[in-house]
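Summary of structural features
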Amino acid sequence: MVEAILVDFSNFVFHSPNDRTQEWLSNAMEIIKAHSKIKCPYVFVFYLERDTNNINKDIQSILLNLSEQIPVPKENIDVLVYPSMAAILYNVKQKIDKLNLSTINVIMPVNKKAMMDVYINQLFTAVYEFTFERLATRNEGGIKLEASVPCTKDNNVLTDQHADEICKDIWTFLGQLKGLMGQIAILHSPLIPDVFLHGFTTRCGGISYIPSLSSLNLFSSFKRRDPKAVINENIRRLATTAGFNSKIYYLAKVNHGNTIWTMGRPEPANYDGIVTNQKGVTIAAPGADCIPLIFADPVQIACGAAHAGWRGTLAGVAIATVNTMMTEFACSMKDIRVVMGPCVGECCFTLHQEAAEEFIKIDSSCVRNTDGSKPHVNLRQATRVLLEREGILSENICDVSTFNPSNKGTLCTACQPDMFFSHTRDGQNFGTQIGFISVRD
């Protein structure tokens, strides 16, 4: 069932409009009426006007006349005029997200489908279900309708030039948006020497606006509402602040196991860690309660990043990363340094009895409230015990969250909503922070 209708007039230039202008709008009106009989949808009428300070009065009149005739309550109707298609769709998306809508019908000219697909792919995710109803342009009653967008090879294929123009439109628009929740803040560990560039992100300084994803969300998922283009802009801003090249940045494709990818070798479909000794290549691991781990060997000048949730911890992802560094780069166990990024603390993280038993097998200090139905599990302690047991020196393991500028002690992502994203706290539409590292050029 359609929840929102987008009526796109943005690629037309109107010449000599008269009373018969309404005729070419009739198809759009019939579609809206058909949907309105089933459910009262929200309707967004939009038009692209490069010069928003000098909007054509005839166009204003047409849009106003249209909005007055749409058979839905006036509070369900919005008319938007912006200087770029990226601005139009981004603002429509904000309104749709505020209303928590996801089923959208787009009424548009027949030659716009391919272009719209590119915008939707970049600015929306699979959470949103789109259908399309295309209106043919025509010359009728002295009304001349002209497409103002670049021509396509046919109605379904864009030229390379046009696709590049769309991407530029998106990048330009997102690039000028103001960051939210203050400035980008990066946590560092004194355990990592200066030959490496590294850090752990907080949630501040990005452009993601949905509350549970705001603001420096660094991962786009088909289950969430933050799209690829927004994530790419957040990464670009982080890279500028941190000093790495966002074009040679790799994030682990998490599968909650212990597969490690050595850069330069064939890339697996999924992996929970990455290792490299290539200069200037930034590798990263995500976290939103799970631990983002970074590894550094200042002797062989090699590094790694891994994702350690409770399943990955039990699977031994941390020591698997260490072993890969030793195998691939001749690293020594005594030289490797490991830093645990912010994660959920034992205060907020519980598991069912069967899984908790596996952590008790690692060490009894990893679990408390063992008599309860959901014991509390300490992922940091379990990771430390496993690393030390295999030979990593105790003084070469640290928890970056103990270096807390607010002096609140060890940070728990679930307890600190002003600083971190948390799956435990925020549910399925949660944001993601990262730990990153690279060998400096």
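Scope of this entry: the structure provided in the associated data block. (Residues numbered from 1 in each chain as written. Predicted model: local features only at pLDDT ≥ 70, side-chain atom pairs only at ≥ 80, totals over all residues. Heavy atoms only, no water.)

Section: unusual backbone geometry
Short version of the rule: The numbering of helices and of strands both runs from the N terminus, where a helix is a DSSP run of H or I of at least 4 residues and a strand a run of E of at least 2. Buried, partly exposed and exposed residues are distinguished by accessible area as a fraction of the type maximum, computed with a 1.4 Å probe on protein chains only: under 20%, between the cut-offs, and over 50%, respectively.
For the peptide bond that leads from Ser214 to Ser215, omega is 5°, which places it in the cis range. Mapped onto the elements of the fold, Ser215 is located in the loop between strand E9 (196–201) and helix H6 (228–242). Located in the positive-phi region is His256, a residue other than glycine, with phi close to 60°. Relative to the helices and strands, His256 is located in the loop between strand E10 (249–251) and strand E11 (260–262). Even without being glycine, Asn369 reaches a positive phi, approximately 60°. The residue Asn369 is located in the loop between strand E17 (367–368) and strand E18 (376–377) in this model. Residue class for Asn369 comes out partly exposed when judged on its relative accessible area of 42%.

A few points about the pattern of salt bridges
Our working definition: Take a side-chain nitrogen of Lys or Arg and a carboxyl oxygen of Asp or Glu: if they are within 4 Å of each other, that pair is a salt bridge.
On inspection of all chains with the given rule, the structure shows 16 salt bridges. Across the pair Lys112 and Asp8 runs a salt bridge whose closest N-O atoms are separated by 2.6 Å. Of this pair, Lys112 sits in the loop between strand E5 (103–109) and helix H4 (113–123) while Asp8 sits in strand E1 (residues 4–8), and the two are 104 residues apart along the sequence. The same class applies to Lys112 and to Asp8, which are both buried. Between Lys95 and Asp78 there is a salt bridge, with the nearest N and O atoms lying 2.9 Å from each other. Pair noted here: Lys95 is in helix H3 (residues 85–98) and Asp78 is in strand E4 (residues 77–82), with a separation of 17 residues, a long-range link.

Observations concerning the sheet that holds strand E13 (residues 282–287)
Stated precisely, the cut-off is as follows: A pair of strands is considered paired only if DSSP assigns at least 2 bridges between the two.
What the five strands build is an open sheet, ordered E8-E9-E20-E13-E10; its pairing is mixed. Whereas interior strands pair on both sides, the edge strands pair on one side only; in this sheet they are strand E8 (186–187) and E10. Pairing of E8 with E9 involves two bridges; the strand directions are antiparallel. Within E9, the position partnered with Leu187 by the bridge is Phe200.

Here we look at helix H8 (residues 317–329)
Put simply, the test is: Every helix has an expected span of 1.5 Å times one less than the residues it contains. Here a residue-residue contact requires only that any non-hydrogen atoms of the pair lie within 4.5 Å.
For H8, with 13 residues, the first-to-last C-alpha span of 18 Å sits near the 18 Å given by 1.5 Å per residue. Looking only at H8, the buried set comprises Val317, Ala318, Ile319, Ala320, Thr321, Val322, Thr324, Met325 and Phe329. Buried residues along H8 sit against E11, strand E12 (273–276), strand E14 (291–297), strand E15 (302–308), helix H7 (310–315) and helix H10 (379–390). Ala330 occupies a position one or two residues after H8 and carries a positive phi of about 60°.

Comments concerning the nonpolar core
Defined as follows: Joining through side-chain atoms within 4.5 Å is the link that ties buried Ala, Val, Leu, Ile, Met, Phe, Trp, Tyr and Cys residues into a set, and such a set is a nonpolar core.
If you look at the biggest cluster of nonpolar residues, it comprises 39 residues, and the most contacted ones within it are Phe295 and Phe359. Listing elements by their share of this core, those giving two or more residues are E14, E15, H8, strand E16 (337–340), helix H9 (353–362) and H10. The element contributing the most residues to this core is H8, with seven residues. Setting aside residues no more than four positions away along its own chain, Phe359 makes contact with Trp310, Thr313, Leu314, Leu351, Cys366, Val367, Val377, Leu379 and Ala382. The next biggest cluster of nonpolar side chains, apart from the first, holds 38 residues, and it includes Leu6, Phe44, Leu80 and Leu158.

Observations regarding the pairing of E1
For E1, the tally of buried residues reaches five of five residues, placing the bulk of the element in the interior. Burial of the side chains of E1 extends over both faces: Ala4, Leu6 and Asp8 are buried on one face and Ile5 and Val7 on the other. Sheet analysis places E1 next to E5, joined by four bridges and oriented parallel. Its bridge partner lying in E5, Leu6 is registered against Val106.

Concerning the packing of H3 against H4
Stated formally: The axes are straight lines fitted to the C-alpha atoms, using for helices just the contacting stretch, and the angles between their N-to-C directions are given from 0 to 180°. Orientation is classified from the angle alone, with under 35 degrees giving roughly parallel, over 145 giving roughly antiparallel, 65 to 115 giving roughly perpendicular, and any other angle giving oblique. Helix crossings are classified by the rotation of the near helix relative to the far one: an anticlockwise turn of less than a right angle makes the crossing left-handed, while a clockwise turn makes it right-handed. Residues were grouped as follows: Ala, Val, Leu, Ile, Met, Phe, Trp, Tyr, Cys and Pro as nonpolar; Asp, Glu, Lys and Arg as charged; and all remaining residues, including Gly, as polar.
Contact geometry of H3 with H4 gives a least axis separation of 11 Å together with a crossing angle of 50°. By the criterion of interaxial angle, the relationship of H3 to H4 is oblique. At the point where H3 passes H4, the crossing takes the right-handed sense. Note on element contacts: H4 touches H3 through Met115, Met116, Tyr119 and Leu123, opposite Met85, Ala86, Leu89, Tyr90 and Lys93. Its residues placed into classes, the contact of H3 with H4 shows eight nonpolar, no polar and one charged.

Concerning the packing of aromatic side chains
Stated precisely, the cut-off is as follows: Note on aromatic pairs: the rings of Phe, Tyr and Trp (six-membered ring only in Trp) are paired at centre separations within 6.5 Å, and the planes decide the class, stacked below 30 degrees, edge-to-face beyond 60, tilted for the rest.
Inspection of every chain in the model, using the stated rule, returns nine aromatic pairs. Relative to Tyr209, the ring of Tyr90 lies with its centre 5.7 Å away and its plane at 85°, an arrangement referred to as edge-to-face. Of this pair, Tyr90 sits in helix H3 while Tyr209 is found in the loop between E9 and H6, placing the two residues 119 residues apart along the sequence. As far as the burial class goes, Tyr90 and Tyr209 line up, both buried.

Here's the deal with the sheet that holds E11
Read from one edge to the other, the open sheet built from six strands follows the order E11-E12-E15-E14-E16-E19, with strand pairing classed as mixed. This sheet does not close on itself; its edge strands, each paired only once, are E11 and strand E19 (397–399). Averaged over all pairs of adjacent strands, the angle between strand axes in this sheet comes to 15°, irrespective of strand direction. Across four bridges, the pairing between E12 and E15 is antiparallel. By the bridge assignment for E15, Ile274 is matched with Ala305. Against the sheet, H8 engages E11, E12, E14 and E15, with an angle of about 160° to E15. Set on the sheet, H10 makes contact with E14, E16 and E19; between it and E19 the angle comes to about 170°.

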